[in-house]
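Report on the structure
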Amino acid sequence: MVENIINQIKETEEKAKDILASSKKEYKKIIEDAYKKSEKIVKEAEEETKAMIAGAEKKAKDEAAREAEKMEKDYSKKQEEIKNIFNSNCEKAIEKIIQRILG
């Protein structure tokens, strides 16, 4: 009977070792899976961040280009206004010089 109990204890110890080994194996698998998932999440986040940055850069460049075009049109318009004022002033000055000479 004692021998029977000893055999049962040995069997129980073997089962406990098997359970422990199985638990360690499962633990390692869970850790590996979690690590792979976290790597995937980080990679996706990096890609999303890069896409957001690229989108923001494109938007900023587009806005800057529109603003530059607007400024160029305004500059051309003001340049034309100044040219017209200059021409008008030249004509007035020429008329005054002619009146002084003639008059």
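Residues numbered from 1 in each chain as written. Predicted model: local features only at pLDDT ≥ 70, side-chain atom pairs only at ≥ 80, totals over all residues. Heavy atoms only, no water.

1. As for the overall build of the protein chain
Convention followed: Each helix is a run of H or I in the DSSP string that is no shorter than four residues. Each strand is a run of E no shorter than two, and both are numbered from the N terminus. As defined in this context, the radius of gyration uses C-alpha atoms, and a globule is described by 2.2 Å times the residue total to the power 0.38. Throughout, exposure labels follow a simple rule: accessible area from a 1.4 Å probe, protein chains only, divided by the maximum for the residue type, with under 20% read as buried, over 50% as exposed, and the rest as partly exposed. Each accessible area value is a Shrake-Rupley result obtained with a 1.4 Å probe; residue values ignore everything except the protein chains displayed when judging cover. The charged-residue count follows a simple rule in which Lys and Arg add positive charge and Asp and Glu add negative charge, with His and chain termini not counted at all. Where a charge lies is defined by one atom per residue type, namely NZ (Lys), CZ (Arg), CG (Asp) and CD (Glu).
Tallying secondary structure elements over the protein chain gives 1 helix and 0 strands in all. Computed over the C-alpha atoms, the radius of gyration of the protein chain is 44 Å, more than 25% above the 13 Å expected from 2.2 N^0.38 for a compact globule of 103 residues. With respect to the principal axes defined by its C-alpha atoms, the protein chain has extents near 150 × 15 × 10 Å. Among the 103 residues that make up the protein chain, the fraction classed as buried is 0%. Summed over its atoms, the accessible surface of the protein chain is roughly 10300 Å², and 59% of this surface lies on carbon and sulfur atoms. Charge centroids of the protein chain, computed over 24 positive and 24 negative side chains, lie 4 Å from each other.

2. Digging into a negative patch on the surface
Quick reminder of the rule: Exposure above 30% relative accessible area and the lack of any salt bridge qualify a residue for a patch; like charges then connect within 9 Å, and the nonpolar side chains Val, Leu, Ile, Met, Phe, Trp and Tyr within 5 Å. Each reported salt bridge corresponds to a side-chain nitrogen of Lys or Arg within 4 Å of a carboxyl oxygen of Asp or Glu.
A surface patch of negative charge is lined by E44, E46, E47 and E48. Positionally, E46 belongs in helix α1 (residues 2–102). Residue class for E46 comes out partly exposed when judged on its relative accessible area of 45%.

3. With respect to the environment of K77
Its place among the elements puts K77 in helix α1. Of the residues examined, K77 reaches a relative accessible area of 56% and is grouped as exposed. As a C-alpha pair, K77 and E91 span 14 residues in sequence and 21 Å in three-dimensional space.

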